[in-house]
Amino acid sequence: EEQEEQEEQEEQEEQEQEKASDSECDDQDSMGGSSQQSTAEATERTPRVTFALSEPSEDGDVETREIGKRREHEDDSSDDGTSSRPILRKSGDGDQRASLLSGASIAAFARDLAIGPSNPVLGLSILTRSRNLALCAAILLLSLYVHWTAVTISGQYTVMDIGFNKTEIMHKFVIGGISATVFTVVIGALLQRWLGVKGAIFAGIILSATQSILFGLSNSVMLVYVVVGFTASPMLGPMLCGYATTQVSPREQGRLQGALSVIYSLAGGLGSFASAKIYQKCSDSFPGMPFVVAGVIQAAALPFGLFLRVPSSGLL
């Protein structure tokens, strides 16, 4: 009897162990199903990264291909049985062709370059917008004539007519370069501070005209050194251009600079050509005539300076 009771207890224990193991398996299965479900939900919530490829087809249209970047655990078919492979869509070629440069757009670009605001020559119209700008342009043109006269024939004049040697020519250019830098950077700023913009322009015109005339009348090396030490004409360019920038809006600064560059180019061509012709005609009788003429032309800018409407801001 005792053996039978022990056998029954062992059978009951075995049954209880089997029930416990079965319940653990059920719990694991349920946990696995929930994790798979959460993974699927996360996958659905994850946005797909797509990009487009445009390829021309045989009939001339453009095919836009949308390709989805799938994860490794996703298969080629979705839950509802439809395929998730790349989709091909056809779009019209109107928008694509409109973005390309056609013959009409090239012609429009050339027309804008020739007669549009990007042409610096036609941009000279900005200088006629106000009286101050027109007067600044006139004074600048006359002042640059003096500069290009000196650049063109001063070397030949000093060597052929005054008798400079190589060392004296070098000294002349060194003195002139230092003088021009000092007048442009230092003296021009001081004159504007003491006399205001209008007074500084007047002083620059008078100094430049006087220096040019005296240079044409010089007949010795030492006198040329003294006259070249007062090279004031280069300071008028930055002074006038700086004032002109205050007369236009910030959006028109580029157009103004283009117009001023045309003035510089015109003065370079006219000044070099005219001074060379005058020197050729007068080299035997009065070789300094081109510099005297340049000084008179510079002095002709004084009446233009009188009509400048510039508020007095100097200390004097």
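Refer to the structure printed above.
Residues numbered from 1 in each chain as written. Predicted model: local features only at pLDDT ≥ 70, side-chain atom pairs only at ≥ 80, totals over all residues. Heavy atoms only, no water.

### A closer look at the overall build of the chain
Then, in step 1: Check the secondary structure of the chain and you find 10 helices and three strands.
Then, in step 2: Out of the 316 residues belonging to the chain, those deemed buried represent 30%.
Then, in step 3: For the chain, contacts bridging at least 24 residues in sequence account for 74% of all contacts bridging at least 6.
Then, in step 4: Taken as a whole, the chain presents about 20200 Å² of accessible surface, with 58% of it coming from carbon and sulfur. (Helix = DSSP H or I, 4+ residues; strand = E, 2+ residues; numbered from the N terminus. Buried < 20%, exposed > 50% of the residue type's maximum accessible area, 1.4 Å probe, protein only. Contact = heavy atoms within 4.5 Å. Areas by Shrake-Rupley, 256 points an atom, 1.4 Å probe, with all protein chains shown as cover.)

### Description of the pattern of salt bridges
Then, in step 1: Under the criterion given, the structure shown has one salt bridge.
Then, in step 2: Among the salt bridges present, the one from Glu252 reaches Arg129, with a minimum N-O distance of 2.5 Å. Of the two residues, Glu252 sits in the loop between α7 (236-244) and α8 (253-282) while Arg129 sits in the loop between α3 (103-115) and α4 (131-162), which places them 123 residues apart along the sequence.
Then, in step 3: With a relative accessible area of 46%, Arg129 lands in the partly exposed category. (Salt bridge = Lys/Arg side-chain N within 4 Å of Asp/Glu carboxyl O.)

### Here we look at helix α6 (residues 221-228)
Then, in step 1: If you check which residues of α6 are buried, you get Val221, Val224, Tyr225, Val227 and Val228. On an axial view of α6, the arc spanned by its buried residues comes to 170 degrees, and they lie on one face.
Then, in step 2: The secondary structure elements touched by the buried residues of α6 are α4 and α5 (166-217).
Then, in step 3: Its side-chain oxygen at 3.3 Å from the backbone nitrogen of Leu223, Ser220 defines the N-terminal cap of α6. (Arc of directions from axis to C-beta. Polar contact = N/O pair within 3.5 Å; in protein donor to acceptor, adjacent residues only side chain to side chain.)

### Comments concerning the packing of α5 against helix α9 (residues 289-299)
Then, in step 1: It is the contact of α5 with α9, at a shortest axis distance of 7 Å, that shows an interaxial angle of 165 degrees. Classified by the angle between their axes, α5 and α9 sit roughly antiparallel to one another. The two elements α5 and α9 meet at a crossing, and its hand is left-handed. The residues of α9 that touch α5, namely those facing Ile205, Ser208, Ala209, Ser212, Ile213, Phe215, Gly216 and Leu217, are Phe291, Val292, Ala294, Gly295, Val296, Gln298 and Ala299.
Then, in step 2: By residue class, the composition of the contact of α5 with α9 is 10 nonpolar, five polar and no charged. (Axes fitted to C-alpha atoms, helices over the stretch in contact; angles between N-to-C directions. Parallel < 35°, antiparallel > 145°, perpendicular 65-115°, else oblique. Left-handed = near helix turned anticlockwise from the far one by under 90°. Nonpolar A, V, L, I, M, F, W, Y, C, P; charged D, E, K, R; others polar.)

### Here's the deal with the state of the cysteines
Linking two cysteines covalently via their sulfur atoms produces the bond known as a disulfide.
Then, in step 1: One pass over the full model with this rule turns up zero disulfides.
Then, in step 2: Not engaged in a disulfide, the cysteine Cys241 finds its nearest cysteine sulfur in Cys136; these two sulfurs lie 8.6 Å apart. (Disulfide = S-S within 2.5 Å.)

### Here we look at the nonpolar core
Then, in step 1: Ranked by internal contacts, the top residues of the largest apolar core, which has 34 residues, are Leu127, Ile139, Leu140, Ile201, Leu240, Leu256 and Leu308.
Then, in step 2: If you list the elements that add at least two residues to this core, you get α4, α5, α7 and α8.
Then, in step 3: With residues near it in sequence (within four places) discarded, Leu140 still touches Gly237, Leu240, Cys241, Leu260, Ile263 and Tyr264.
Then, in step 4: Counting residues in each nonpolar core, the second largest holds 13 residues, with Tyr157, Ile162, Phe164 and Val227 among its members. (Core = buried A, V, L, I, M, F, W, Y, C linked by side-chain atoms within 4.5 Å.)

### So, a nonpolar patch on the surface
Then, in step 1: On the surface, a cluster of nonpolar side chains totalling about 770 Å² of accessible area is made up of Met170, Val174, Ile178, Val182, Val185, Val186, Leu190, Trp194 and Leu195.
Then, in step 2: Its place among the elements puts Val182 in helix α5. (Patch = residues over 30% accessible without salt bridge, like charges linked within 9 Å, V, L, I, M, F, W, Y side chains within 5 Å.)

### Section: the side chain of Thr231
Then, in step 1: Relative to the elements of secondary structure, Thr231 occurs in the loop between α6 and α7.
Then, in step 2: Of note is the side chain of Thr231, whose polar atom sits 2.6 Å from the backbone oxygen of Val228.
Then, in step 3: Here Thr231 is in contact with Gly176, Ser179, Ala180, Phe183 and Gln211, once residues within four sequence places are set aside.

### Some remarks on the side chain of Gln298
Then, in step 1: As for its position among the elements, Gln298 is in helix α9.
Then, in step 2: On the accessibility criterion, Gln298 (0% relative accessible area) is buried.
Then, in step 3: Residues within four places of Gln298 in sequence aside, it is in contact with Leu142, Ser143, Val146, Ile205, Ser208, Ala209 and Leu236.

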